[in-house]
Amino acid sequence: MTTEHFDVLIVGAGLSGIGAAYRLQTECPGKSYAILEGRADLGGTWDLFRYPGIRSDSDMFTLGYPFHPWKQAKAIADGPSILEYIRETADEYGIEKHIRYRHTVAKASWDSSESLWTVTSLVGTSLVGEGGTGAEGVDFTCRFLYMCSGYYSYDGGYKPEFPGRDRFPGPMIHPQEWPEDLDYSGKQVVVIGSGATAITLLPAMAERSAHVTMLQRSPTYIASLPAVDPIVRVLRKWLPEGLAHRVARWKSVILTLGFYQFCRRRPELAKRMLRSMTARQLPSEYDLDPNFSPNYNPWDQRMCLVPDGDLFKAIRDGRASIVTGQIDTFTENGIRLQSGRELPADIVITATGLQLVACGGLQLEVDGLAVRPGDTFVYRGFMLSDIPNFAMCVGYTNASWTLRADLTSQSVCRVLNHMDRNGQVQVVPRFGDKSIPQRPLLDLNSGYVRRSADLLPKQGDRPPWRLRQNYVLDYFSAKFGDVTENLEFPTPAAARHGDAPKLAEAGRSS
Ligand SMILES: Cc1cc2nc3c(=O)[nH]c(=O)nc-3n(C[C@H](O)[C@H](O)[C@H](O)COP(=O)(O)OP(=O)(O)OC[C@H]3O[C@@H](n4cnc5c(N)ncnc54)[C@H](O)[C@@H]3O)c2cc1C
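Reading the values: the criteria
Residues numbered from 1 in each chain as written. Predicted model: local features only at pLDDT ≥ 70, side-chain atom pairs only at ≥ 80, totals over all residues. Helix = DSSP H or I, 4+ residues; strand = E, 2+ residues; numbered from the N terminus. Buried ≥ 20, exposed ≤ 12 C-beta atoms within 10 Å, placed from the backbone. Pairing = 2+ DSSP bridges. Contact = placed C-beta atoms within 7 Å. Axes fitted to C-alpha atoms, helices over the stretch in contact; angles between N-to-C directions. pLDDT = per-residue confidence, 0-100. Left-handed = near helix turned anticlockwise from the far one by under 90°. Near = placed C-beta within 6 Å. Nonpolar A, V, L, I, M, F, W, Y, C, P; charged D, E, K, R; others polar. Domains from an automatic or database assignment. Parallel < 35°, antiparallel > 145°, perpendicular 65-115°, else oblique. Right-handed = clockwise from strand over helix to strand, strands pointing away. Core = buried A, V, L, I, M, F, W, Y, C linked by C-beta atoms within 7 Å.

Novice: Would you take a moment to explain unusual backbone geometry for this structure?
Specialist: What is expected of a backbone is that most residues other than glycine have negative phi and most peptide bonds are trans. Omega for the bond connecting Asp-289 with Pro-290 falls within 30 degrees of zero, at 5°, which places this linkage in the cis form. Mapped onto the secondary structure, Pro-290 falls in the loop between α8 (267-281) and β11 (304-307). Along the chain, Pro-463 connects to Pro-464 via a cis peptide bond; the corresponding omega equals 0°. Mapped onto the elements, Pro-464 comes out in the loop between β24 (458-459) and α12 (471-480). Here the phi dihedral of Ser-115 falls at roughly 55°; this positive angle occurs in a residue that is not glycine. By the element assignment, Ser-115 lies in the loop between β4 (103-111) and β5 (116-123). Take Ser-115: there are 24 C-beta atoms within 10 Å of it, and that puts it in the buried class. One non-glycine residue with positive phi stands out, namely Asp-367, at about 50°.

Novice: Mind showing me how you'd approach the sheet that holds strand β16 (residues 347-350) here?
Specialist: Hydrogen bonding along the main chain pairs the strands of a sheet, whether they run parallel or antiparallel. Strand order in the open sheet formed by five strands is β7-β16-β8-β9-β12, with parallel pairing between adjacent strands. What marks the edges here is a single partner per strand, and that holds for β7 (172-173) and β12 (320-324). Pairing of strand β8 (residues 188-192) with strand β9 (residues 211-216), which is carried by five bridges, proceeds in the parallel orientation. Of the residues in β9, the one forming a bridge with Gln-188 is His-211. On the sheet, helix α5 (residues 196-206) packs against β8, β9, β12 and β16 and is oriented at approximately 165° with respect to β9.

Novice: Hey, could you run me through the confidence of the model for the protein in this one?
Specialist: Where the model shows low pLDDT, its predicted coordinates should not be examined in detail. Mean pLDDT over the protein stands at 90; residues scoring 70 or higher make up 93%. Across residues 494-510 the pLDDT falls below 50, and counting only partners more than four positions away or on other chains, this stretch makes 17 contacts in the model.

Novice: Which parts of the structure should I look at to understand the packing of helix α1 (residues 15-27) against helix α10 (residues 401-421)?
Specialist: Packed helix pairs are specified by the crossing angle of their axes together with the interaxial distance, meaning the distance between the axes. Running from amino to carboxyl end, α1 crosses α10 at an angle of 35°, the nearest separation of the two axes being 9 Å. α1 and α10 meet at a crossing whose hand is right-handed. Between α1, through Leu-15, Ser-16, Gly-19, Ala-20, Arg-23, Leu-24 and Glu-27, and α10, the contact on the second element is made entirely by Trp-401, Thr-402, Ala-405, Asp-406, Ser-409, Gln-410 and Cys-413.

Novice: Help me out: how do you make sense of the site of the ligand in this one?
Specialist: Surrounding the ligand, one finds 34 residues, the nearest of these being Gly-12, Gly-14, Gly-44, Gly-150 and Gly-360. When contributions to the shell around the ligand are tallied by element, the ones reaching two or more residues are α1, β4 and α10. Of the residues assigned to the shell around the ligand, the class counts are 14 nonpolar, 17 polar and three charged.

Novice: Could you clarify how one ought to interpret the domain arrangement of the protein in this entry?
Specialist: Accessible area lost upon the coming together of the parts is a frequently used measure of interface size. Per the domain assignment, the segments of the protein are domain 1 (4-154 + 355-509) and domain 2 (165-228 + 283-350). Just the C-alpha atoms count here: the centres of domain 1 and domain 2 sit 34 Å apart. Contacts between the two partners involve 19 residues from domain 1, matched on the other side by 20 residues from domain 2. Considered class by class, the residues forming the side of domain 1 that touches domain 2 number nine nonpolar, six polar and four charged.

Novice: What is the right way to read the packing of helix α6 (residues 230-238) against helix α7 (residues 241-265) from this model?
Specialist: At a minimum axis distance of 9 Å, the contact between α6 and α7 shows a crossing angle of 155°. Our classification of the angle between α6 and α7 gives roughly antiparallel. Considering only the axes of α6 and α7, their crossing is right-handed. Facing α6, whose interface residues are Ile-231, Val-232, Leu-235 and Arg-236, α7 presents Ala-244, Val-247, Ala-248 and Lys-251.

Novice: Got a minute to help me understand the environment of Ala-270 in this structure?
Specialist: If you trace the backbone, Ala-270 turns up in helix α8. Looking at Ala-270, the number of C-beta atoms within 10 Å reads 20, which means it is buried. Separated by 220 residues in sequence, Ala-270 and Pro-490 place their C-alpha atoms 49 Å apart. Beyond its immediate chain neighbours, meaning those up to four positions away, Ala-270 contacts Phe-262, Cys-263 and Pro-298.

Novice: Please clarify how the pairing of strand β1 (residues 4-11) should be interpreted in this entry.
Specialist: On any regular strand, side chains alternate: one points to one face of the sheet, the next to the other face. Of the strand pairs in this sheet, β1 and strand β6 (residues 136-147) are connected by seven bridges, and their pairing is parallel. Its bridge partner being in β6, Ile-10 is matched across the sheet by Tyr-146. Here β1 runs beside strand β2 (residues 33-36); their pairing, made up of four bridges, is parallel. From the neighbouring strand, Ile-10 faces β2, where its bridge partner is Ile-35. For the crossover from β1 across α1 to β2, the handedness is right-handed.

Novice: Would you mind going over the nonpolar core with me for this structure?
Specialist: Burial of nonpolar side chains together is a common tendency in soluble globular proteins. Leu-9, Ile-10, Ile-18, Ile-86, Cys-142, Leu-145 and Tyr-146 are the most contacted members of the largest nonpolar core, which totals 89 residues. Element by element, the count of residues in this core is highest for α10, at nine residues. Discounting residues that sit within four places of it in the chain, Leu-145 has contacts with Leu-9, Ala-108, Trp-117, Val-119, Asn-389 and Phe-390. Leu-201, Leu-202, Ala-320 and Ala-351 belong to the second largest nonpolar core, which has 40 residues in total.

Novice: Please explain the sheet that holds strand β14 (residues 334-337) as it appears in this structure.
Specialist: In space, the three strands of this open sheet follow the order β13-β14-β15, with antiparallel pairing throughout. Taken across any chain shown, the strands that pair with only one partner, and hence form the sheet edges, are β13 (327-330) and β15 (342-344). With strand direction ignored, the average angle separating the axes of adjacent strands in the sheet is 20°. Where β13 lies against β14, three bridges are found, and the strand directions are antiparallel. In the strand pairing of β14, Thr-329 is matched with Arg-336.

Novice: What am I meant to see in the environment of Gly-14 here?
Specialist: With respect to the element layout, Gly-14 can be found in the loop between β1 and α1. Of the residues examined, Gly-14 has 25 C-beta atoms within 10 Å and is grouped as buried. Sequence-wise, Gly-14 and Gly-325 are 311 residues apart; in three dimensions their C-alpha atoms are separated by 36 Å. Residues within four places of Gly-14 in sequence aside, it is in contact with Gly-43, Gly-44, Thr-45, Cys-148 and Gly-150.

Right, dumping it as structure tokens:
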């Protein structure tokens, strides 16, 4: 079987992979590329998650691409509309024909003498448990490998052990594996969790169920935003579509960043403000303690947004409630808390989170040696120390994912163009200064981040090894900064010794 070769292989056809393909074909038009996608369709997160009410919790002017305006009225959009938007982008820019579906990348080996990645994908398998039968290994080669594989495992969500689980006879469902035919009309539902998913499920399931209780161990900060942004409505009335989108995007960037900085610098004031905003959404007799008083500062964990206060409305209407407590045991009728309180349940939803995974879970090798992403340092938020011709795409924790994902793709294109201009074929960030303190990649203290900190690359405390959570600074550095700072551009050993690379022997070009 012949090995197909591409200049760049992108792994993953989610929001990031489609955006990366657009940047590559626009900014590096001569480069050949393919996207290897493990699932049978594009969209990633927005195709996988099918629970009731699934939606973004950041606005679509920043979660959408800067080059493809979000045209719908709602800024906080539902999952199917986001999926449709990604599909429409792939169609409009001719990206779909580059995607190889059902190609799960399992291994990538770098060979310095040939300046080449060999990428092994399992064909016919799906990342979402459709079974691995009939999988065969197919090799591709590429000059540059770009991981747009998201940040969590598609094999299943995080499912902690609960005492007495076997006593509970009803269905227990993780939102990542939502059964299409789940009928919860008239049922008592308990949702375990307090993150964005639980907060979305509560009002959505309350529409049909008898009652939904969100059982949280500890509360989260929740802010309400208008689903349709009134300023954007005015912008769209008076400005051309593209310009209105750009202004809406920058407005959202500046307000989100400003609010984040305010929370970090004045946490006590931010707490009081959020508390009073919450109190205004609830009946005057509602006691905010403990359900709405987190024991951490705003933005120590990701803040949750609800459109038009839908969660608070469901609580006001008596269709939903929140309980803070620890599970003692599951019972035949539901859940008993350590306080002795019983929560009746016909169905339990475990919105207990994701399992983080680095670089799509693939096995990485550099010149025959295994490399663990957890042992590397992240360079400018997108390359990994000592891994040549390799980049990964991760979003912001304090703003929309796509803001950084798109800057990352632009930076990758700048590095590739720099190498072409200078006749270079290898690029590698070197983390020379071992005295730089090591910090976790993600600056959140949420359980799912702490559980997986060891698997993820690390960051340092200074540029270019620090992962900034600041789009405005990153924007200028990605557009105008020096793309070569702290990068090495080695000469392939084989070329140095006058050997013709095997690539040339095989008649492949790049
Ligand atoms: C329920 C939910 C809601 C969210 N809401 C928001 C939000 O409102 N705002 C926000 O900024 N962020 C949000 N996020 C984060 C969200 O994941 C990102 O916004 C964005 O969708 C990530 O896009 P991505 O393409 O990088 O990753 P994904 O959407 O995860 O896509 C990754 C793709 O790579 C493929 N893949 C992975 N590993 C391999 C492999 N080894 N081989 C081949 N293919 C592989 C997967 O199949 C998938 O198609 C949310 C996440 C979840 C889970």
